[in-house]
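Here are the chains, one letter per residue:
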Amino acid sequence: MSLLPETSPIDDELVRAVVDQVWESLLGAEVVPWYGEDPVAPPALQAQVTLTGDWNGLVRLGCAEGAAEGIAAAMLMAGADEELPPEDVHDAVGEVVNVVGGNVKGALLGDTALGLPRVLTGPDHDTRTVAAVPVSRCVLDWHGLPVTVEVFTHENTKECRS
Amino acid sequence: MSIAPEAFTFVRDLVRRESAIVLDPGKEYLVESRLTPLARHAGEGDVDAYVRSLQVRHDPVRSRQVVEALTTNETSWFRDADPFTALRTQVLPELAKARTNRQLRVWCAACSSGQEPYSVVMTALDTPAVAGWRLDVVATDLNEEILQRARRGTYSQLEVNRGLPATTLVKHFTREGASWRISPTVSAPVTFRPLNLMRPFPPMGTFDAVFLRNVLIYFDLPTKRDILRRVRQVLAPDGYLFLGAAEMTMGVDDSWQRMPAGRSSVYRIRGEER
Amino acid sequence: MKVVIADDSRVMRQIVLRTLRQAGFAHHEYVEAADGAEALERIAEHGPELVLSDWNMPNKTGIELLRALRAQGNTVPFGFVTSEGSPEMRDVAAQAGALFVIAKPFTPEAFEDALGAVLS
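This report concerns the structure included in the present document. Remember, it's a predicted structure, so these values are computed and weren't measured experimentally. The residue count restarts for each chain, going from 1 along the sequence in the order it is written. Written order determines the labels here, with chains lettered from A and ligands numbered from 1. Whole-chain, interface and lining totals are the exception, using all residues; otherwise, since this is a predicted model, local features are given only for residues with pLDDT of at least 70 and side-chain atom pairs are given and counted only at 80 or more. With hydrogens and water set aside, each side-chain value is computed from the structure's full complement of heavy atoms.

## Considering the pairing of strand β4 (residues 78-82) of chain C
All names here are of chain C.
- A simple rule labels every residue: compare its accessible area, found with a 1.4 Å probe on the protein chains alone, to the largest value its type can have, and call it buried under 20%, exposed over 50%, or partly exposed in between. The numbering of helices and of strands both runs from the N terminus, where a helix is a DSSP run of H or I of at least 4 residues and a strand a run of E of at least 2. Counted residue by residue, β4 has 5 buried out of 5 residues, so it is predominantly covered.
- Of the two faces of β4, the one holding F78, F80 and T82 and the one holding G79 and V81 are both buried throughout.
- For the crossover that starts at strand β3 (residues 50-53), traverses helix α3 (residues 62-71) and ends in the parallel β4, the hand is right-handed.
- Two strands pair if DSSP finds at least two bridges between them. Relative to strand β5 (residues 100-103), β4 runs parallel, the two being bridged by 4 bridges. Counterpart to F80 in the pairing with β5 is V101.
- If the strands point away from the viewer and the path from the first strand over the helix to the second runs clockwise, then the crossover is right-handed. In this fold, β4 hands off to helix α4 (residues 87-96), which returns the chain to β5; that crossover is right-handed.

## Quick look at the interface of chain A and chain C
- Every contact between the two is made by 19 residues of chain A and, on the other side, 19 residues of chain C.
- The salt bridge definition used is simple: a Lys or Arg side-chain nitrogen within 4 Å of an Asp or Glu carboxyl oxygen. Applying the counting rule to chain A against chain C returns 3 salt bridges.
- As a salt-bridge pair, A:E95 and C:K104 come within 3.9 Å of each other at their nearest N and O atoms.
- Between N or O atoms, a polar contact is any pair within 3.5 Å; within protein, one atom must be a potential hydrogen donor and the other a potential acceptor, and residues adjacent in sequence are included only when both atoms are from side chains. At the junction of chain A and chain C, the tally comes to 8 residue pairs in polar contact (both at pLDDT 80 or more). Residues count as neighbours in contact if any of their non-hydrogen atoms are within 4.5 Å of one another.

## A word on the sheet that holds strand β1 (residues 2-6) of chain C
Residue and element names in this part refer to chain C.
- Strand order in the open sheet formed by 5 strands is β2-β1-β3-β4-β5, and the pairing between neighbours is parallel. The open sheet is flanked by β2 (29-33) and β5, the only strands paired with a single partner. Each neighbouring strand pair of the sheet contributes to a mean axis angle of 20°, computed without reference to strand direction.
- Where β1 and β3 come together, 4 bridges link them in parallel fashion. Residue pairing for β3: V3 is matched across the bridge by L50. Angles shown run from 0 to 180 degrees and are taken between the N-to-C directions of axes, each axis being a line fitted to C-alpha atoms and, for helices, limited to the stretch in contact.

## Notes on the nonpolar core
- Take the buried Ala, Val, Leu, Ile, Met, Phe, Trp, Tyr and Cys residues and link them wherever side-chain atoms come within 4.5 Å; each set so joined is a nonpolar core. Within the largest apolar cluster, 111 residues are counted, with the highest numbers of intra-cluster contacts made by A:W23, A:L27, C:L52 and C:F111.
- Not counting the four nearest positions on each side in its chain, C:F111 is found in contact with C:V16, C:T19, C:L20, C:A23, C:F25, C:L52, C:V81, C:I102, C:F106 and C:G116.

## Brief notes about unusual backbone geometry
- C:K104 connects to C:P105 through a cis peptide bond whose omega is 0°.
- Not every positive phi belongs to a glycine, and B:N214 is a case in point at roughly 55°.
- Structurally, B:N214 is set in the loop between β7 (207-212) and α11 (221-234).

## Structural notes on the interface of chain B and chain A
- On the chain A side, the residues contacting the 12 residues of chain B number 11 residues.
- Each partner contributes to the roughly 960 Å² buried at the junction of chain B and chain A, and carbon and sulfur atoms together form 54% of this total.
- Where chain B meets chain A, there are 1 salt bridge.
- Here A:D20 ties to B:R175 by a salt bridge, and the two come within 2.5 Å at their closest N and O atoms.
- Counting the contacts that link chain B with chain A gives 5 residue pairs in polar contact (both at pLDDT 80 or more).
- If you list the elements that add at least two residues to the side of chain B that touches chain A, you get α8 (157-160) and α9 (166-172) of chain B.
- Broken down by element, the residue count for the side of chain B that touches chain A peaks at 4 residues, all from α9(B). As used here, buried area is the combined drop in accessible area, with a 1.4 Å probe, of two parts when they are placed together.

Honestly, it's all geometry; don't read function into it.
Dropping the structure here:
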């Protein structure tokens, strides 16, 4: 059962404020909104973390591999010519979504647990979340590549776990 | 460590000469992190290059910026967390029981750029026991320039990242371009005015709580003693004094009684001194 | 001094280490652990003066790690570095014996304020 679904404290304004804080502190970067066409095709990479308990939902970050590599490099302050191993790239975007998720959770009343971040690529993409109710969505510009940050809620999170 | 030893020595000597503050070895990273924005702004490749430019040609403006960057203590919101928990769960509820006029007066005696007085107001707004009470926060600092900034109530993304949870941020601030402005609900109860703690206090009335955190450490013992004595005169007999985590009144002014408040301490005037 | 850093993200451990250096704590010895169970081993092995731990980790969460340490009679100063800094979490942490909670995303000042008393 969702807690206060009508007056969910999670909205675009809160999520954008969380994203601003994470970008500045973790990535040393300013948030640039995406003014290009809305990315409709599923992104190559999705990092997600679930929230379960009084409020059930999912925080998801989707982007192209190139954007994920850029985000990881910014977090690790790696040089432009430094190639990061894929596990570090996935670890980094997983942590971004984890920190966003933890801060989103901070806005919720009641007892809700944050899961561990998961990064999905290729065929094991989780598309079932489409059935869930979108709560917030923003698209950011990472050096010319779109990055979406979305929050979904569902009555029963089990449906969207793979 | 990436700052060169010569650069660190030069900066350390400059800061010690200009401010009497000593940067111990091991603070290299602090120097690097504080000077990186200056170096970037000056178009120098890195901190070493920036410091070298200062060594080559004396530049009073840049020198002052370096000293300021290393001596200005960047203030956090709800700094140290515990005193604000004590305020919300213990001090305000107790004062609420003792005050029938539904009014509270708080003095922040070294308010810097405003984070502390605004944190006090946000905490009071979050305390059901004093909901609807009239709150009056007097915030003072020696530095008029920093008071101007505090009055403006506008903070950069970096500044709001220091200790403000996103939920509190969107509740009490509005976005203004790349900055955040404090809401009138939080700023209205606060009055900023210049004050030198070393001199006799101007008439300010009586306070229910005084925040004198992380400021006594800068004074010698007789001055500390004198300031604490004069604070007693402006604090209500049943009022509360908040000091920094590493500070205490013991051995300085024994008219104070230390009381545990959650995981921190508050001070009250001893019964016989009231 | 020796400090154990427990976080299941290698990248986050790197960031914590970098921020500790920026906060002026470069001159300590840091030992990394990838989860709570490994942290328990490293702590037994190294006898650190401080433990910094994430909250959500596989194979023993941060709070389980802290409770296990206290159950063993180990009173090592312990602080959380976690993306969840709600008042409820802070209460749970304090009751279990944690000294502080640093919320992610953090700045060097958060480490300066929390660690100054322990590591200086």
